[in-house]
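One-letter residues, chain by chain:
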Amino acid sequence: MEQLLQQIESIKAEITAAVITSQDELEQFRIKYLGTKGLVKQIMGEMKNVPNEQKKEFGQILNAFKIHAETAFEGFQAALGDTETTDHSIDFSMPGDPTTVGTRHPLNLVRNQMVSIFKRLGFAVAEGPEIEDDWHNFGAMNLPEDHPARDMQDTFYVKEGSENQSAWLLRTHTSSVQARVMETQKPPIRVICPGRVYRNETISARAHCFFHQVEGLYIDENVSFADLKQTLYFFVQEMFGKEVKVRFRPSYFPFTEPSAEMDISCQICSGKGCNICKHTGWVEILGSGMVHPKVLENFGIDPEKYTGFAFGMGVERIAQLKYQVNDLRLYSQNDLRFLQQFKSV
Ligand code: PHE
């Protein structure tokens with residue numbers, strides 16, 4: 001009995017003197033004193049050897065011993081927890097948590113830039129539906145049914161037409177928005193129509209079943225082809241710099257007469273010849289022309305009084321020349337390694 005009391009005292013002293021500086025040490029402490037095979041349990045096991053008349057007194061001593069060990073453990077635990085949080089909060093050498101910021105899509109950047117250039121020339125932005133009826137996409141644009149030029153733009157039909165119901169389709173160009181503007185506004189009209197368009201093309205590096213356009217329309221008295229040329233020349237100079245050269249080639253669109261396509265000197269090889277310009281030094285960037293009198297008439301605009309020009313270009317093509325992106329599929333694959341390159345632009 002005397003021996004047991006001495007043992008308890010020495011363990012108590014040991015506990016009091018213990019120094020705990022880490023979670024590991026704390027766990028060792030717990031196992032040594034309070035674990036299922038720990039010293040507290042062992043000493044308590046001695047109870048059965050204590051003579052009956054001393055059991056009460058010894059019981060109290062044992063209880064105090066157990067509380068002593070437990071209190072010490074809780075004290076160490078609290079101290080450790082405290083130090084750890086305090087340390088953490090004042091450790092200025094810890095690296096900061098980076099906040100990842102999204103990036104704008106390259107097509108969005110280019111589209112915004114295009115829009116802002118035309119806005120400076122007084123063009124307003126007009127938008128319209130991507131699911132269109134036949135009239136706004138084709139009919140009003142001087143492309144009556146069975147017109148061979150409809151084949152120029154392979155169309156996704158959403159609903160076939162019947163005798164008394166129009167066909168519904170995914171717009172093949174944003175000229176449909178121009179139609180909607182002419183339907184509701186009187187000249188002078190000066191709008192650009194940015195938006196997504198759809199064509200039934202096999203997806204490859206050079207073609208996609210959807211892409212983006214910015215089309216423009218300017219109708220007023222005395223609007224001439226010279227105005228068209230100067231407007232587009234201003235646009236490409238703002239977009240690509242003063243050095244850029246332009247050339248116009250006669251072309252055909254049912255909704256413009258005369259029609260022209262515009263080429264600019266290749267921005268990739270500076271006109272020396274590369275894959276993008278097919279070694280000609282020139283790349284086509286847009287279609288344009290003077291609005292066909294029939295189109296004006298379709299909307300009750302007097303072609304004797306008013307003239308206008310229209311143009312349309314692909315945002316992907318402009319972005320390709322600006323950023324040298326040679327595969328159209330990259331724009332819609334959502335590959336962050338591609339998208340994150342446009343951070344600082
Ligand atoms: N709508 C034509 C296209 O998508 C482009 C264009 C617009 C051409 C306006 C001339 C005038 O191909």
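None of these values were measured; they are calculated from a predicted model. (Residues numbered from 1 in each chain as written. Predicted model: local features only at pLDDT ≥ 70, side-chain atom pairs only at ≥ 80, totals over all residues. Heavy atoms only, no water.)

A few points about the nonpolar core
Turning to step 1, where the next piece is worked out: In this structure, Met114 and Ile264 are the most contacted members of the largest nonpolar core, which totals 42 residues.
Turning to step 2, where the next piece is worked out: Those elements that place two or more of their residues in this core are helix 5 (106-120), strand 6 (210-220), helix 8 (225-240), strand 8 (256-265), strand 9 (282-291), strand 10 (307-314), helix 10 (315-323) and helix 11 (336-339).
Turning to step 3, where the next piece is worked out: A total of seven residues in this core trace back to one element, the largest contributor, which is helix 5.
Turning to step 4, where the next piece is worked out: Setting aside residues up to four positions removed in sequence, Met114 forms contacts with Val214, Phe235, Met239, Met313, Val315 and Ile318.
Turning to step 5, where the next piece is worked out: Core analysis: the next-biggest nonpolar cluster, separate from the first, contains 25 residues, Ala140, Ala149, Phe255 and Val295 among them. (Core = buried A, V, L, I, M, F, W, Y, C linked by side-chain atoms within 4.5 Å. Buried < 20%, exposed > 50% of the residue type's maximum accessible area, 1.4 Å probe, protein only. Helix = DSSP H or I, 4+ residues; strand = E, 2+ residues; numbered from the N terminus. Contact = heavy atoms within 4.5 Å.)

Examining the site of the ligand
Turning to step 1, where the next piece is worked out: Near the ligand you find 14 residues, and of these His173, Ser175, Arg199, Gln213 and Glu215 are the closest.
Turning to step 2, where the next piece is worked out: The separation between an oxygen atom of the ligand and a polar side-chain atom of Gln213 is 2.8 Å.
Turning to step 3, where the next piece is worked out: In the environment of the ligand, a nitrogen atom lies 2.7 Å from a nitrogen or oxygen atom belonging to the side chain of Glu215.
Turning to step 4, where the next piece is worked out: Relative to its unbound accessible area of 320 Å², the ligand is 92% covered by the protein chains.
Turning to step 5, where the next piece is worked out: Every element with two or more residues in the shell around the ligand is listed here: strand 6, strand 9 and strand 10.
Turning to step 6, where the next piece is worked out: When residues in the shell around the ligand are grouped by element, the largest group, three residues, is from strand 10.
Turning to step 7, where the next piece is worked out: Of the residues assigned to the shell around the ligand, the class counts are four nonpolar, eight polar and two charged. (Near = heavy atom within 4 Å. Polar contact = N/O pair within 3.5 Å; in protein donor to acceptor, adjacent residues only side chain to side chain. Areas by Shrake-Rupley, 256 points an atom, 1.4 Å probe, with all protein chains shown as cover. Nonpolar A, V, L, I, M, F, W, Y, C, P; charged D, E, K, R; others polar.)

Points about the packing of helix 1 (residues 2-17) against helix 2 (residues 23-34)
Turning to step 1, where the next piece is worked out: Remark: helix 1 packs on helix 2, axes separated minimally by 12 Å, with the N-to-C direction vectors making an angle of 170°. Judged by the angle between their axes, helix 1 and helix 2 are roughly antiparallel. Judged by residue contacts, Ile11, Glu14 and Ile15 of helix 1 engage Phe29, Lys32 and Tyr33 from helix 2.
Turning to step 2, where the next piece is worked out: For the contact of helix 1 with helix 2, the residue count by class is four nonpolar, no polar and two charged. (Axes fitted to C-alpha atoms, helices over the stretch in contact; angles between N-to-C directions. Parallel < 35°, antiparallel > 145°, perpendicular 65-115°, else oblique.)

Thoughts on the pairing of strand 7 (residues 246-253)
Turning to step 1, where the next piece is worked out: As paired strands, strand 7 and strand 8 are joined by seven bridges and run antiparallel to one another. When the bridges of strand 8 are listed, Pro250 appears paired with Ala260.
Turning to step 2, where the next piece is worked out: Taken together, strand 7 and the strand that follows it, strand 8, pair antiparallel across an intervening segment of two residues. (Pairing = 2+ DSSP bridges.)

Comments concerning the sheet that holds strand 5 (residues 189-198)
Turning to step 1, where the next piece is worked out: The seven strands are arranged 1-5-6-10-9-8-7 in an open sheet whose pairing can be described as mixed. Among the strands making up the open sheet, the edge pair consists of strand 1 (124-125) and strand 7.
Turning to step 2, where the next piece is worked out: When strand 8 meets strand 9, the two strands line up antiparallel, connected through eight bridges. Bridge pairing in strand 9 places Met262 opposite Leu286.
Turning to step 3, where the next piece is worked out: Packed onto the sheet, helix 7 (residues 175-184) meets strand 5, strand 6 and strand 10 and runs at close to 35° relative to strand 6.

A look at the pattern of salt bridges
Turning to step 1, where the next piece is worked out: For the structure shown, the criterion picks out 12 salt bridges.
Turning to step 2, where the next piece is worked out: Salt-bridge contacts for Glu238 lead to Arg120; the nearest nitrogen and oxygen are separated by 2.9 Å. Residue Glu238 is found in helix 8, and its partner Arg120 is found in helix 5; the two are separated by 118 residues along the sequence.
Turning to step 3, where the next piece is worked out: In this structure Arg120 comes out as exposed when scored by relative accessible area, which is 53%.
Turning to step 4, where the next piece is worked out: The salt bridge partner of Arg249 is Asp263, with a shortest N-O separation of 2.8 Å. Taken as a pair, Arg249 in strand 7 and Asp263 in strand 8 lie far apart in primary sequence, 14 residues in all. (Salt bridge = Lys/Arg side-chain N within 4 Å of Asp/Glu carboxyl O.)

A short note on helix 7
Turning to step 1, where the next piece is worked out: Buried residues dominate helix 7, accounting for seven of its 10 residues.
Turning to step 2, where the next piece is worked out: When we look at burial in helix 7, the residues that qualify are Ser175, Ser176, Val177, Gln178, Ala179, Val181 and Met182.
Turning to step 3, where the next piece is worked out: Turning to helix 7, the residues buried within the fold contact strand 2 (131-133), helix 6 (134-137), strand 5, strand 6, helix 9 (293-298) and strand 10.

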